[in-house]
Amino acid sequence: MVAAGFDLNPQILRLIKAGIIRFTIDQQPYIQGFYPVVALKLLKRLRINPARKDARAAGVTPDKGDTVLRRPPQPNR
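Let us look at the structure shown here. (Residues numbered from 1 in each chain as written. Predicted model: local features only at pLDDT ≥ 70, side-chain atom pairs only at ≥ 80, totals over all residues. Heavy atoms only, no water.)

This next bit is on the overall build of the protein. Secondary structure assignment for the protein yields 3 helices and 3 strands. Each helix and strand of the protein, placed in order from N terminus to C terminus, yields the pattern β-α-β-α-β-α. Counting over 77 residues, the protein shows a buried share of 17%. Partitioning the intrachain contacts of the protein with sequence separation of at least 6 by distance along the chain shows that 43% fall at a separation of at least 24. Taken as a whole, the protein presents about 6400 Å² of accessible surface, with 57% of it coming from carbon and sulfur. (Helix = DSSP H or I, 4+ residues; strand = E, 2+ residues; numbered from the N terminus. Buried < 20%, exposed > 50% of the residue type's maximum accessible area, 1.4 Å probe, protein only. Contact = heavy atoms within 4.5 Å. Areas by Shrake-Rupley, 256 points an atom, 1.4 Å probe, with all protein chains shown as cover.)

Pasting the structure below:
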């Protein structure tokens with residue numbers, strides 16, 4: 001059985017390190033969620049075409065889990 005996740009939090013990272021989850025995807029909530037809504041609003045109201053944004057999805061595997069766990073939390077944007 002293969003299990004994967006779509007978030008970065010300490011519990012998921014511990015499960016990866018323990019071998020219960022194989023990997024997770026490091027989400028970019030601003031680029032994947034908020035920005036598209038703003039871009040659609042600008043397109044609808046002002047006819048401004050959206051800029052290209054690369055969300056640069058990053059996979060987190062067991063070999064990267066310790067590094068990610070030590071990383072300081074990022075402030076909400």
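On to helix H1 (residues 10-17). The complete set of buried residues in H1 reads Ile-12, Leu-13 and Ile-16. The arc that holds every buried residue of H1, seen down its axis, measures 100°, which confines them to one face. Directly beyond the C-terminal end of H1, a positive phi value near 85° is found at Gly-19. (Arc of directions from axis to C-beta.)

Attention now moves to the nonpolar core. Ile-12, Leu-13, Ile-16, Ile-21 and Val-60 together form the largest nonpolar core, which totals 5 residues. With 3 residues, H1 is the single largest residue contributor to this core. (Core = buried A, V, L, I, M, F, W, Y, C linked by side-chain atoms within 4.5 Å.)

If you check helix H2 (residues 29-46), its first and last C-alpha atoms are 24 Å apart, about what 18 residues at 1.5 Å a residue would give, namely 26 Å. Its axis deflected by about 40° at Tyr-35, H2 carries its strongest bend there, up to four residues before the proline Pro-36. Just downstream of H2 lies Arg-47, where phi reads positive at about 60°. (Expected span 1.5 Å × (residues − 1). Bend = angle between axes of the 7 residues up to and from the residue.)

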